[in-house]
Amino acid sequence: YDSRNPFNFLDLTAFAIPCTTRPGLDSTTITGSAADCVPGTRHFGNEGRNSLRGPSFKEWNFALYKTTSLTERVTMQLRADFFNILNHPNFANPFLPAFLADAAGPTSQICNGGGGCGFVANGAGREVGNAAYHITATGDVGIGNPFIGGGGPRGIQLVAVFKF
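Residues numbered from 1 in each chain as written. Predicted model: local features only at pLDDT ≥ 70, side-chain atom pairs only at ≥ 80, totals over all residues. Heavy atoms only, no water.

> Looking at this model, I keep getting lost on the layout of surface pockets. Mind explaining?
Using a probe with the size of a water molecule, rolled over the atoms, empty space left in the structure can be pinpointed. What the second largest pocket holds in volume is close to 270 Å³. Lining the second largest pocket are 14 residues, and of these Ser3, Arg4, Pro55, Ser56 and Phe91 sit closest to its centre. Partitioning the lining of the second largest pocket into residue classes produces seven nonpolar, four polar and three charged. (1 Å grid on protein atoms, 1.4 Å probe; cavity = no way out; pocket = protein on both sides within 12 Å on 5 of 7 lines; lining within 4 Å. Points joined across faces, edges and corners; volume = space filled by probe spheres on them. Nonpolar A, V, L, I, M, F, W, Y, C, P; charged D, E, K, R; others polar.)

Spelled out as structure tokens, the structure:
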């Protein structure tokens, strides 16, 4: 992990397709699919449960308010609410399956450099991920909602509340 650099968040060369690959595969014939495996050799990988961590979440919110009595029964509260006051970026977790399986293949734009990552053959005859996975979407934008969620920019809200 390189949690300080979202463009190199995860080294994909640490992941390999869990099977014995067909002999004679090279960088032009690798697809990252089951067709690259010798039939009957696919198996579960050995990565432990909960071993992948998502990006950290940091958000400071602040509120400043003053309550004033207008009459015996009516009060007015003026508030200023600040959300994500330090404007810290909170990135979304990687989307599956694209982040491990790279379903888009070598033309995928999810890897560092924008040229795609796909799979490559390493010296041991295994197919491994290529390049580094980068995360660029924040939690709210990553799910398609640019206004609700924890990844948005600094927000300021001014409120007047009348209680009677």
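> Any chance you could explain the sheet that holds strand β3 (residues 75-83) here in plain terms?
Within a beta sheet, neighbouring strands are joined by backbone hydrogen bonds and run either parallel or antiparallel to one another. Read from one edge to the other, the open sheet built from three strands follows the order β2-β3-β7, with strand pairing classed as antiparallel. The open sheet terminates on both sides in strands that have one partner only, identified here as β2 (62-69) and β7 (155-163). Taken pair by pair, the neighbouring strands of this sheet meet at an average axis angle of 10°, ignoring direction. Judged from the eight bridges that link them, β2 and β3 form a sheet pairing that is antiparallel. In the strand pairing of β3, serine 69 is matched with threonine 75. (Pairing = 2+ DSSP bridges. Helix = DSSP H or I, 4+ residues; strand = E, 2+ residues; numbered from the N terminus. Axes fitted to C-alpha atoms, helices over the stretch in contact; angles between N-to-C directions.)

> Mind showing me how you'd approach a nonpolar patch on the surface here?
Where nonpolar side chains cluster on the molecular surface, the patch consists of Leu70, Phe162 and Phe164 and spans about 400 Å² of accessible area. With respect to the secondary-structure elements, phenylalanine 162 resides in strand β7. (Patch = residues over 30% accessible without salt bridge, like charges linked within 9 Å, V, L, I, M, F, W, Y side chains within 5 Å. Areas by Shrake-Rupley, 256 points an atom, 1.4 Å probe, with all protein chains shown as cover. Salt bridge = Lys/Arg side-chain N within 4 Å of Asp/Glu carboxyl O.)

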